[in-house]
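Coordinates in review
So you can see what is in the structure, the chains are spelled out below.
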Amino acid sequence: MVTTNIKPTMKYVVNLLKGLMIAVVVICISFFMVTQLFNTTEKEEPVVIDDRPSAEEFIGEIAETARNLGANNDLYASVMIAQAILESESGQSGLGSAPNYNLFGMKGSYQNNSVKLETSEDDGSGNLSTIMADFRKYPSYEASMQDYVKLMRNGVSWNKEFYAGVFKSNTKSYSDATKFLTGSYATDSKYNEKLNSLIAQYDLQQYDSPVKNKKTITVTDGDSIVDIAEVYNVNVTSIKQWNQLRSDRLEAGMQLNIYHY
């Protein structure tokens, strides 16, 4: 009788232990999954909306001033705008934004106003060093652009023709002007490559010519900026510049300016 009673008891204990182990495993897995769920929720970061002006908005703000100044002073507006984009980070740098409005990194003072900032200098071989320097402080972008044109046209104190190599009349294309500026205006050994890239990217050469035709259209429901660009045979970036758009989004009823050169 003793032997008969022990075997079922041992089997019962073994099954009980197996059941407990399974229960523990299930509980551990469940706890891990719940913990991961809460951890994932905690790690989720809020969506950050970039409300800074786009490069196209900045170009749209200065383009017509550049076109007029270029046309009246034998200069390439495309080069002027590209320099402004590069030197001021599309108007977003500490020097290029308010209250300094220095679009071209011009040193010195303007009407006795200046600001001291750090700047990187290239020794001509691609080696950079950081120095402190005084930069001109302007009341507006237009004042900065007019001062830039004055420098290009009047040169420097020891050579009035110092920047004659950027004049339209002395060059075949804007690329000749950007090449001349490399080493003369900026110490960056790749200055012309950067300017040429910006001119191509944003179709800035359009501002070297007068506007032949301008029309205003109304966006209808379902229109996209890509569709409109195709219909009028213009670039998307140009539409954004002409209308100072921050994104590609359009809404029905919007008025858009379209230019042809």
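Where an unreviewed UniProt entry is consulted, the chain appears under the name Peptidoglycan hydrolase, with the organism given as Lysinibacillus fusiformis.

A word on the overall build of the chain. If you tally the helices and strands in the chain, you get eight helices and four strands. Ordered by position from N to C terminus, the α and β elements of the chain give α-α-α-β-β-α-α-α-β-α-α-β. Evaluated residue by residue, the chain yields a buried proportion of 37% over its 261 residues. Long-range pairs, those at least 24 residues apart, make up 62% of the contacts in the chain between residues at least 6 apart in sequence. Accessible area for the chain stands at about 16100 Å²; split by element, carbon and sulfur atoms hold 53% of it.

I81, F104, M152, L181, Y185, L204 and I239 are the most contacted members of the largest nonpolar core, which has 58 residues in total. Where this core is concerned, the elements lending two or more residues are helix 2 (55–73), helix 3 (77–88), helix 4 (141–154), helix 5 (174–181), helix 6 (191–201), helix 7 (225–231), helix 8 (236–242) and strand 4 (255–260). Two domains each donate at least three residues to this core, and these are domain 1 (55–207) and domain 2 (213–260). Residues in contact with I81, not counting those within four places in the same chain, are I59, I62, A63, A66, L204 and Y207.

The computed volume of the largest pocket comes to approximately 960 Å³. Lining the largest pocket are 31 residues; nearest its centre among them are E87, G105, T119, S120 and A186. Secondary-structure elements contributing two or more residues to the lining of the largest pocket are helix 3, strand 1 (114–122), strand 2 (128–136) and helix 6. When residues in the lining of the largest pocket are grouped by element, the largest group, six residues, is from strand 1. Classifying every residue of the lining of the largest pocket gives 15 nonpolar, seven polar and nine charged.

Glancing now at empty space enclosed by the protein. Under the defined criterion, the tally for this structure stands at one cavity of 30 Å³ or more. Taken as a whole, the largest cavity holds about 50 Å³ of empty space. Forming the walls of the largest cavity are L75, Y76, V79, M80, Y148, V166 and A177. A per-class count over the lining of the largest cavity returns seven nonpolar, no polar and no charged.

Attention now goes to the packing of helix 3 against helix 5. One can describe the packing of helix 3 onto helix 5 by two numbers: an axis separation of 9 Å at closest approach and a directional angle of 45°. Accordingly, the angle class assigned to the pair helix 3 and helix 5 is oblique. Of the two possible hands of crossing, helix 3 and helix 5 adopt the one that is right-handed. Each of S78, V79 and Q83 in helix 3 lies in contact with helix 5, whose residues at this interface are Y174, A177, T178 and L181. Across the contact of helix 3 with helix 5, the residue classes tally to four nonpolar, three polar and no charged.

Once that is clear, we can look at helix 3. In a regular helix each residue adds 1.5 Å, so 12 residues correspond to 16 Å; helix 3 covers 16 Å between its end C-alpha atoms and thus fits that length. Of all 12 residues in helix 3, 10 are buried; the element is thus mostly enclosed. When we look at burial in helix 3, the residues that qualify are A77, S78, V79, M80, I81, A82, Q83, A84, I85 and S88.

Our focus in this paragraph is the packing of helix 2 against helix 3. Angle between the axes and distance between the axes are the two parameters that describe a pair of packed helices. Between helix 2 and helix 3, whose axes approach to 8 Å, the crossing angle comes to 140°. When the interaxial angle is binned, helix 2 and helix 3 end up oblique. Crossing handedness for the pair helix 2 and helix 3: right-handed. Along its contact with helix 2, which presents F58, I59, I62, A63, A66, R67, L69 and G70, the element helix 3 presents A77, M80, I81, A84, I85 and S88. Tallied by class, the residues present in the contact of helix 2 with helix 3 amount to 11 nonpolar, two polar and one charged.

Turning to the side chain of S88, a few remarks are in order. You can see S88 is positioned in helix 3. Taking relative accessible area as the criterion, S88 reaches 0% and is therefore assigned buried. For S88, the side chain forms a polar contact with the main-chain nitrogen of G91, separated by 2.8 Å.

Turning to helix 6, a few remarks are in order. Those residues of helix 6 that sit buried are Y191, N192, L195, L198 and I199. Summarising the axial view, the buried residues of helix 6 lie within an arc of 130°, below the 170-degree limit, and thus occupy one face. Buried positions along helix 6 lie against helix 3 and helix 5. In the segment just after helix 6, D203 is the residue with positive phi, at about 50°.

What counts, and at which threshold
Residues numbered from 1 in each chain as written. Predicted model: local features only at pLDDT ≥ 70, side-chain atom pairs only at ≥ 80, totals over all residues. Heavy atoms only, no water. Helix = DSSP H or I, 4+ residues; strand = E, 2+ residues; numbered from the N terminus. Buried < 20%, exposed > 50% of the residue type's maximum accessible area, 1.4 Å probe, protein only. Contact = heavy atoms within 4.5 Å. Areas by Shrake-Rupley, 256 points an atom, 1.4 Å probe, with all protein chains shown as cover. Core = buried A, V, L, I, M, F, W, Y, C linked by side-chain atoms within 4.5 Å. Domains from an automatic or database assignment. 1 Å grid on protein atoms, 1.4 Å probe; cavity = no way out; pocket = protein on both sides within 12 Å on 5 of 7 lines; lining within 4 Å. Points joined across faces, edges and corners; volume = space filled by probe spheres on them. Nonpolar A, V, L, I, M, F, W, Y, C, P; charged D, E, K, R; others polar. Axes fitted to C-alpha atoms, helices over the stretch in contact; angles between N-to-C directions. Parallel < 35°, antiparallel > 145°, perpendicular 65-115°, else oblique. Left-handed = near helix turned anticlockwise from the far one by under 90°. Expected span 1.5 Å × (residues − 1). Polar contact = N/O pair within 3.5 Å; in protein donor to acceptor, adjacent residues only side chain to side chain. Arc of directions from axis to C-beta.

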